[in-house]
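Each chain, letter by letter, is given below.
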Amino acid sequence: MEKKSRRTFLKETAGAALGLSCGGSILTAACTTSGEGSHGEGSVESQWAMVIDTEKARNPAVREACMEACVREHNVPRIDDPAEKIDWIWEEEYQHVFPDQVHDHLPDSVKEAPVLVLCNHCTNPPCVRVCPTQATWKREEDGIVMMDMHRCIGCRYCMAACPYGSRSFNWRDPRQFVDTDAQGNFHSEYPTRTRGVVEKCNFCAERLRDGLAPACVEAVNQLPGGEGALTFGDLSDPASEVNRILSSQRTITRRVALGTGPNVFYIV
Amino acid sequence: MLEAAFRGGKRYWILLGVWVVLILVGLFAWGRQFTEGLTVTGMSQDVTWGIYIAQFTFLVGVAASAVMVVLPYYLHDYKAFGRMVILGEGLAVSAVIMCMLFIFVDMGQPTRVTNVLLHPSLSSMMFWDSVALGGYLVLNLIIGAVTFDAERKEGPPPAWIKPVIILSIPWAVSIHTVTAFLYSGLEARSFWMTAILAPRFLASAFASGPSLLILLALILRGFTKFDPGKEAIQKLAVIVTYALTVNVFFVGVEVFTALYSDMPHHVHAFQYLFVGLHGHDALVPWMWTGATLTVICLTLLLTPKVRNNLKLLGPICAGVIAAIWIEKGVGMVVAGFVPNPLGRVTDYSPTGVEVAVTVGVYAIGFMMLTLIYKIVVNVRERMLAA
Amino acid sequence: MGDKGKILFGLSVFVILVTFPFWSRLAAAGDSDGSRPELEYPADATACVEDTPYMTVNHMNLLNEWRDDLVRDGNPEYISSTGETYLKSLTKTCLDCHENRDDFCTSCHDYADVQPTCWECHTTKGGGA
């Protein structure tokens, strides 16, 4: 039996229950127009995915290297105040990343172990579903959950909808917090953001376009001892390295029961 | 008819002056927020919605509650509401305007507001909420203007308005339902993800909205020659009593489900609200105040002698409004963000700028309400004199 | 009736407020001598992606289209009316020739008194603010 996505289920049952062609067509339209193309399960042509080896990422140098590479690649502002901190890839304690995997008898060393987290580029992303302007959408050709900073109205509904805390809002102009070199230039040509928009990890869509791996993946692989801490690849390609790992090792994703279908996997 | 808004006694102009001053304070505060960003608010990466969205939610209820006078009057031909209906519609119009303004002031990029219409996303409840609210505003403006004009000319309203009025009844229910769906459709937030949220919203709306209407009617009775009628006010008090009872029941149902099942995700938000979580207890005094007010007001309302005493009804209605404002406007929105998806508890309290903007928006709404009611009262007083 | 004065006063306040954007700009334009700005054209390029008259009028629409094509539709290649292929990128294509944004974009935008927000986020080549 083919597993039906929640969206398809909603579409069909709502159409049937209403028994109204107009009601049904509104819902169908809802599902096909949103996100500039449907974003339900199986609607993308391929899907980029990441596997994080939590053991290899235990090494602080590995985590530092990938977080630093991301900050430089995307001109992420460095804001220390947790109320306004902008995070693309960062670390959290195991017990908070995998709340459903924690029980009272786990030692603190496990509960508090640092784990790298980032946007999961979900198969069924709630942020995309709720965005009122299609400023965030799931890209059909590669499954990346994209952000259009030009269109975002800053309503922050996506932040309420994301079960992973993967989205950050620019409470003020971020430019003054972005690193510059001696000449006053930013580290990267990647546009900074304006105040009042939401941002998050984009799986380095701008690098993928040029045939490069995401900055964090490249950084850990260049680090002695960090090779393989992050693996990136295409889920629709049976020969990809991510598929090889997923079929041969025990991996988990965050909060499976919610049905969002995360595409960042963890070897624990 | 409209010229009545430009003529009035000293008290009328002082009242308008107060609204204008408060609006200017709000505008000034919003100007600061616009230039510096939402950093001037108390919101954060963890609690991303605060007092603005909370007021929006509360006021959608006030707007929807106009149906509590429209329905008995037009569907059941309940004549006593004859002079009350236009007050309800006026309240609905100004409440919807305030709702829209609260959404607007909450936006990070307010200059892009038209994107909601230019790039509509039919799967977003926020899109449907803007459609529902916009439609409700238009419906009430048309109905209010047409029926009042007919009444002024002492003739029957045109026949085509009846279906429009009928349409406004389910539409009123829809605005608050869609507003509840904004929250209850989010798998990320267990506190909001409950099927009873929409019924609960409606119940609390039908308690707080008519309470506000009673207060306004009592004010008009006291300060003008226009009397919306004792029977109408007392009937509204009965409606408030029923709605508040149902709301208490719904909240109880929700609390039972969370506490009896004892599932951590469901318990945490209630813990945060009523006893504090991980040492964070910013909302605890608020929630107990709200709960106490609810119990006192409900007890008084359930006593017919007290409920029918118009002198006591005013303070009781103020209490009901305060209790629901705390439940919906303070607790409901903020607690959804606690703890955040990564288990962190972050307190929220509005800043001075946020409070000033909020007061400014309310002042705009109440200024509109003042103008609408002034026109209504003037016409009615003239008809009485004739 | 006796309201004529009040009506006229109210009307004139309304007209002045509504026309504010026009006359305030006229007043501001009085500060300059009104001559068109000297634009600095790239020394080592002979043609833009489309001809100059078209670009003068339509560059903002073209950039909006490029933005949606590249960011939203993953369609990075622009084929011009002369058949040339370009990358749809402000930083990587436009600024590749127009190296000095102040002498090209800004001077004309100042003259026309428009304030596009591109540079609040986008950087010049090499990451300049």
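Here's what I pulled together on the structure shown here.

Rules of the game
- Within every chain, residues take consecutive numbers counted from 1 along the sequence as written.
- Going through the entries in the order they are written, you letter the chains from A and number the ligands from 1.
- Restriction of local features to residues with pLDDT of at least 70 applies here, the model being predicted, together with a cutoff of 80 or more for giving and counting side-chain atom pairs; totals for whole chains, interfaces and linings are based on all residues.
- Think of the side-chain values as coming from all heavy atoms in the structure, minus any hydrogens and water.
- Here a helix means four or more residues in a row that DSSP labels H or I, a strand means two or more in a row labelled E, and each is numbered from the N terminus.
- This radius of gyration counts C-alpha atoms alone. The globule rule is 2.2 Å times how many residues there are, raised to the power 0.38.
- Throughout, a residue-residue contact means that at least one pair of heavy atoms, one from each residue, lies within 4.5 Å.
- Accessibility throughout is a Shrake-Rupley quantity obtained with a 1.4 Å probe, and a residue counts as covered only by protein chains that appear here.
- For the purpose of charge, His is not counted, nor are the chain termini; Lys and Arg are scored as positive and Asp and Glu as negative.
- Charged groups are reduced to one reference atom each: NZ for lysine, CZ for arginine, CG for aspartic acid, CD for glutamic acid.
- Put simply, buried area is how much 1.4 Å-probe accessible surface two parts lose in total, over both of them, once they are put together.
- By definition here, a salt bridge exists when the distance from a side-chain nitrogen of Lys or Arg to a carboxyl oxygen of Asp or Glu is within 4 Å.
- Between N or O atoms, a polar contact is any pair within 3.5 Å; within protein, one atom must be a potential hydrogen donor and the other a potential acceptor, and residues adjacent in sequence are included only when both atoms are from side chains.
- Asp, Glu, Lys and Arg are counted as charged, while Ala, Val, Leu, Ile, Met, Phe, Trp, Tyr, Cys and Pro are counted as nonpolar; the rest, among them Gly, fall into the polar class.
- Fitted lines through C-alpha atoms serve as axes, helices being fitted only where they are in contact, and the angles separating the N-to-C directions of these axes extend from 0 to 180 degrees.
- What sets the label is the angle itself: under 35 degrees gives roughly parallel, over 145 gives roughly antiparallel, 65 to 115 gives roughly perpendicular, and the rest give oblique.
- Working rule for handedness: look at the near helix, and if it is turned counterclockwise from the far one by less than a right angle, call the crossing left-handed; if clockwise, right-handed.
- Think of it this way: a Phe, Tyr or Trp ring, Trp meaning its six-membered ring, pairs with another when their centres are within 6.5 Å, and the plane angle makes it stacked under 30 degrees, edge-to-face over 60, tilted otherwise.
- Three exposure classes are used, based on accessible area relative to the maximum for each residue type with a 1.4 Å probe and protein chains only: buried under 20%, partly exposed in between, and exposed over 50%.
- Strands qualify as paired when DSSP identifies two bridges or more between them.
- The nonpolar core is taken to be a set of buried Ala, Val, Leu, Ile, Met, Phe, Trp, Tyr and Cys residues, with the residues joined through side-chain atoms within 4.5 Å.
- Patches here are clusters of residues that have more than 30% relative accessible area and form no salt bridge, with a 9 Å joining cutoff for like charges and a 5 Å cutoff for nonpolar side chains (Val, Leu, Ile, Met, Phe, Trp, Tyr).

### Looking at the overall build of chain B
Looking only at helices and strands, chain B has 14 helices and 0 strands in total. Listing each helix as α and each strand as β along chain B from the N terminus yields α-α-α-α-α-α-α-α-α-α-α-α-α-α. By the compact-globule yardstick of 21 Å for 386 residues, chain B fits well, its C-alpha radius of gyration being 21 Å. Pairs at least 24 apart in sequence give 79% of the contacts found in chain B among residues at least 6 apart. Only carbon and sulfur atoms are counted for the fraction: they give 73% of the accessible area of chain B, which is about 15,800 Å². Taking the average location of the 24 positive side-chain charges in chain B and that of its 20 negative ones, the two points are 12 Å from each other.

### A look at the interface of chain A and chain C
Tallying the contact residues gives 23 residues for chain A and 21 residues for chain C. Between chain A and chain C the total buried area reaches about 1,800 Å² when both faces are included, carbon and sulfur atoms providing 44% of it. On inspection of chain A and its partner chain C, the count reaches 1 salt bridge. With its nearest N and O atoms 3.1 Å apart, the salt bridge here joins R72(C) to D148(A). Between the two partners, chain A and chain C, sit 12 residue pairs in polar contact (both at pLDDT 80 or more). Partitioned by chemical class, the residues of the side of chain A that touches chain C number 7 nonpolar, 6 polar and 10 charged.

### Focus on the packing of helix α7 (residues 161-184) of chain B against helix α8 (residues 197-223) of chain B
To characterise two packed helices, one gives the angle between the axes of the helices and the distance between these axes. Residues and elements named next belong to chain B. Direction vectors running N to C along α7 and α8 enclose 135°, while the axes themselves pass 8 Å from each other. Regarding the angle of α7 to α8, the classification is oblique. In the crossing of α7 with α8, the sense of the turn from one axis to the other is right-handed. On the side of α7, the interface is formed by V173, H176, T177, T179, A180, F181, Y183 and S184, while α8 contributes L197, A198, F201, L202 and A205.

### Some points on the packing of aromatic side chains
Tallying each qualifying case throughout the model produces 30 aromatic pairs over all chains. Taken together, a centroid distance of 5.5 Å and an interplanar angle of 35° make the contact between Y157(A) and W49(B) tilted. Of this pair, Y157(A) sits in helix α7 (residues 157-161) while W49(B) sits in the loop between α1 (10-36) and α2 (51-64), which puts the two residues in different chains. The burial state of Y157(A) is the same as that of W49(B); both residues are buried. When the ring of W66(C) is compared with that of Y78(C), the centres are 5.3 Å apart and the planes differ by 55°; the resulting orientation is tilted. Taken together, the residues W66(C) in helix α3 (residues 52-72) and Y78(C) in strand β1 (residues 77-79) connect sequence positions 12 residues apart. For Y78(C), a relative accessible area of 14% corresponds to the buried category.

### Quick look at the sheet that holds strand β9 (residues 251-252) of chain A
All names here are of chain A. Pairing within the open sheet is mixed, and its 4 strands lie in the order β8-β1-β10-β9. One side of each edge strand has no neighbouring strand; the edge strands of this open sheet are β8 (230-234) and β9. Note that strand β1 (residues 48-53) and strand β10 (residues 264-267) share 4 bridges and pair parallel. The residue bridging M50 from the neighbouring strand is V264, located in β10. Strands in contact with helix α10 (residues 241-248) are β1, β8, β9 and β10; relative to β8, the strand with the most contacts, it is inclined by about 110°.

### Details of the interface of chain B and chain A
By a frequent convention, interface size equals the accessible area lost on bringing the separate parts together. In this complex, chain B contributes 43 residues to the contact, which on the side of chain A involves 53 residues. Each partner contributes to the roughly 3,800 Å² buried at the junction of chain B and chain A, and carbon and sulfur atoms together form 52% of this total. Taken as a group, Q45(B), E187(B) and L342(B) account for 21% of the area that chain B buries against chain A, more than any other trio of residues on that side. Run the count over chain B and chain A and you get 3 salt bridges. R156(A) is the salt-bridge partner of D106(B), the closest N and O atoms lying 2.6 Å from each other. The interface formed by chain B and chain A contains 34 residue pairs in polar contact (both at pLDDT 80 or more). Looking at the side of chain B that touches chain A, the elements with two or more residues in it are α1, α5 (115-118), α6 (125-152) and α7 of chain B. When residues in the side of chain B that touches chain A are grouped by element, the largest group, 4 residues, is from α6(B). Class assignment of the residues belonging to the side of chain B that touches chain A gives a composition of 20 nonpolar, 17 polar and 6 charged.

### Some thoughts on the pattern of salt bridges
Scanning the model with the defined rule gives 26 salt bridges over all chains in all. The salt bridge partner of R207(A) is E73(A), with a shortest N-O separation of 3.7 Å. Of this pair, R207(A) sits in helix α8 (residues 205-209) while E73(A) sits in helix α3 (residues 60-73), and the two are 134 residues apart along the sequence. E327(B) serves as the salt-bridge partner of R200(B), at 3.3 Å between the closest nitrogen and oxygen. Of this pair, R200(B) sits in helix α8 while E327(B) sits in helix α13 (residues 310-335), placing them 127 residues apart in sequence. Judged on exposure class, the residue R200(B) and its partner E327(B) are both buried. A single network of salt bridges, built from pairs that share partners, joins E68(A), R78(A) and D179(A).

### Quick look at the nonpolar core
With 152 residues, the main nonpolar core has W49(B), M84(B) and Y183(B) as its most contacted residues. It is α8(B) that provides the largest number of residues to this core, a total of 14 residues. Contact partners of Y183(B), with chain neighbours within four places excluded, come to W49(B), I53(B), T57(B), W192(B), L197(B), F201(B), M332(B) and V333(B). In terms of nonpolar packing, the next biggest core, distinct from the first, is built from 43 residues, C66(A), M67(A), F232(A) and V264(A) among them.

### Details of the packing of helix α4 (residues 85-106) of chain B against α8(B)
All names here are of chain B. In the contact formed by α4 and α8, the axes pass within 10 Å of each other and the chain directions differ by 120°. The angle between α4 and α8 places the two elements in the oblique class. As for the relative orientation of α4 and α8, their crossing is right-handed in sense. Contact residues: L87, G88 and L91 in α4; G209, L212, L213, L216 and L220 in α8.

### Digging into the pairing of β10(A)
All names here are of chain A. Going residue by residue along β10, you find V264 and Y266 tucked away on one face and F265 and I267 tucked away on the opposite face as well. In this sheet, β10 lies alongside β9 in antiparallel orientation, the contact comprising 2 bridges. Its bridge partner being in β10, I252 is matched across the sheet by Y266.

### Brief notes about unusual backbone geometry
Trans is the common state for peptide bonds, and a negative phi is the common state for residues other than glycine. For the bond running from V338(B) to P339(B), omega is -15°, close enough to zero to count as cis. Along the chain, P339(B) turns up in the loop between α13 and α14 (352-385). The phi dihedral of Q134(A) is positive, around 60°, even though this residue is not glycine. Here Q134(A) shows up in the loop between α6 (126-130) and β4 (136-138). By relative accessible area, Q134(A) is classed as buried at 7%.

### Topic: a nonpolar patch on the surface
The grouping of I16(C), F20(C), W23(C) and L26(C) at the surface amounts to a nonpolar patch, some 440 Å² of accessible area in total. The leading source of residues in the nonpolar patch is helix α2 (residues 20-29) of chain C, at 3 residues.

### Brief notes about the environment of T260(A)
On the secondary structure map, T260(A) appears in the loop between β9 and β10. Placed 66 residues apart in sequence, T260(A) and T194(A) show a C-alpha to C-alpha distance of 29 Å. Contact partners of T260(A), with chain neighbours within four places excluded, come to C122(A), T123(A), N124(A), P126(A), P163(A), Y164(A) and E187(B).

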